[in-house]
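Close look at the chain arrangement
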Amino acid sequence: MPVAAGGAADTSSRAISAEMQGGLGQNIVIENRTGGNAVIAAKAARQAPRDGDTFLIDAANHPTNPVLLRDLAFDYEASFSPVSLVCFFPQVIAVKTDFPARTIQEFIEIAKARPATISVGTPPAAGMGHLVLASFERQAGIRLVHAPYRGGADAARDILAGSIDAVLITMSSIRPPVQAGRARILAVTSLERVPSLPDVPTLAESGFPGFDMTDWNGLFAAAGTPRGAIDRLAATAAAAARAPAVRARMDPAGAIMVGNTPQAFATWIAAQRRTAVQVIREAGITLG
């Protein structure tokens, strides 16, 4: 696990792993190997024995690192086999309560009238939120001021304090400012509306047909892991993602549980790679 304990990605992984243990008939231990823009965890999984006992949970950096990092010691695509897409974390565009826009269309109109003056926080630089923001800016024909944060909680604290105009973060991160009445959600970035926010429109239905960019978690195996072990883990993960106990824990946090086949995940991750390359290069996004 390339991120620290306690966040949405870690929580979803622990929820699904607890359910998977029964199906696998063995314990699952999650090791948080943070740092290096998630490269440290990837290296650990890649260097482990290919016996079907060690897997990697990864996210948006899996397709973006090859574009952003010049000195990678390995090729992500060649080094890892997709196992199963665990879940999506739809992101939201939210504004502080005294910001004049009440819809995403009004937000765009204000941004066009005040180019490069509206601050929008995302976690972190070159992360999924940054990519979503860059794509949204390009498609809407607006210029915003990007404010990178180390994590979603940091961005949420600043919009809670009113020191930034808007954020583009996951639902779990925006909940405290919204519950405190200090932020207002304008849109979600997933293709379909989020069940826990039924009245909040998607960008896709707000003038951006087909817009679908979310954060996510997926299981990967080091290349060379036995096919049987991959298929077994994928089937167990898919069943766990549909388990009522997992849904009850993750639905309120805005996670959309998936659990698909290795083949479906491979097709999806290939499309993610193409999108990441396009957005990063067109927006000139760097880690520096």
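Scroll up for the structure.
Small disclaimer: the values here were computed from a predicted structure and weren't measured.

**So, the overall build of the protein**
Helix and strand content of the protein: 11 helices and 9 strands. Since a compact globule built from 288 residues should have a radius of gyration of about 19 Å, the 19 Å found for the protein is in line with a globular shape. Taken along the three principal axes of its C-alpha coordinates, the protein extends 60 × 40 × 30 Å. For the protein, with 288 residues in total, the buried portion stands at 51%. Partitioning the contacts of the protein with sequence separation of at least 6, the portion at a separation of at least 24 is 73%. Here the protein displays about 12700 Å² of accessible surface, and carbon together with sulfur accounts for 51% of that area. Of the side-chain charges in the protein, 26 are positive and 24 negative, and the distance between the mean point of each set is 2 Å.

**Things to note about the pattern of salt bridges**
Applying the stated criterion across every chain yields a total of 8 salt bridges. Residue Arg14 is joined to Asp10 by a salt bridge in which the shortest nitrogen-to-oxygen separation is 2.8 Å. With Arg14 and Asp10 both in helix α1 (residues 8–24) and 4 residues apart, the pair spans about one turn of that helix. Assessed through its relative accessible area of 31%, Arg14 is described here as partly exposed. Note that Arg138 is salt-bridged to Glu282, the shortest N-O span being 3.0 Å. On the criterion of sequence distance, the pair formed by Arg138 in helix α6 (residues 128–140) and Glu282 in helix α11 (residues 262–283) is long-range, its members being 144 residues apart. In this structure Arg138 comes out as partly exposed when scored by relative accessible area, which is 37%.

**Observations regarding the packing of aromatic side chains**
Applying the stated criterion to the full structure yields 12 aromatic pairs. Judged by centre distance (5.7 Å) and plane angle (65°), the ring pair of Phe136 and Phe208 falls under edge-to-face. Here Phe208 lies in the loop between β7 (183–188) and β8 (215–222) and Phe136 lies in helix α6, a separation of 72 residues in the sequence. Looking at Phe208, the relative accessible area reads 7%, which means it is buried. What links up through ring pairs into an aromatic cluster is the set Phe88, Trp216, Phe220, Phe265 and Trp268.

**Comments concerning the environment of Ala5**
Note on placement: Ala5 falls in the segment before α1. Accessibility expressed as a relative area gives 54% for Ala5, which makes it exposed. Aside from chain neighbours lying at most four places away, what touches Ala5 is Asp10, Arg14 and Asn32.

**Points about α1**
The end-to-end C-alpha distance of α1, which contains 17 residues, comes to 24 Å, matching closely the 24 Å that a straight helix rising 1.5 Å per residue would cover. At Ala18, α1 shows its largest kink, close to 25°. For α1, the complete set of buried residues consists of Ala9, Asp10, Ser12, Ser13, Ala15, Ile16, Ser17, Met20 and Leu24. Where α1 is buried, its residues meet β1 (56–58), β2 (80–89), β8, α9 (227–241), α10 (244–250) and β9 (256–257). The first or second residue beyond α1 is Gly25, which carries a positive phi of 70°.

Definitions and limits used
Residues numbered from 1 in each chain as written. Predicted model: local features only at pLDDT ≥ 70, side-chain atom pairs only at ≥ 80, totals over all residues. Heavy atoms only, no water. Helix = DSSP H or I, 4+ residues; strand = E, 2+ residues; numbered from the N terminus. Rg over C-alpha atoms; globule rule 2.2 N^0.38 Å. Buried < 20%, exposed > 50% of the residue type's maximum accessible area, 1.4 Å probe, protein only. Contact = heavy atoms within 4.5 Å. Areas by Shrake-Rupley, 256 points an atom, 1.4 Å probe, with all protein chains shown as cover. Lys, Arg positive; Asp, Glu negative; His and termini not counted. Charge placed at Lys NZ, Arg CZ, Asp CG, Glu CD. Salt bridge = Lys/Arg side-chain N within 4 Å of Asp/Glu carboxyl O. Phe/Tyr/Trp six-rings, centres within 6.5 Å; stacked < 30°, edge-to-face > 60°. Expected span 1.5 Å × (residues − 1). Bend = angle between axes of the 7 residues up to and from the residue.

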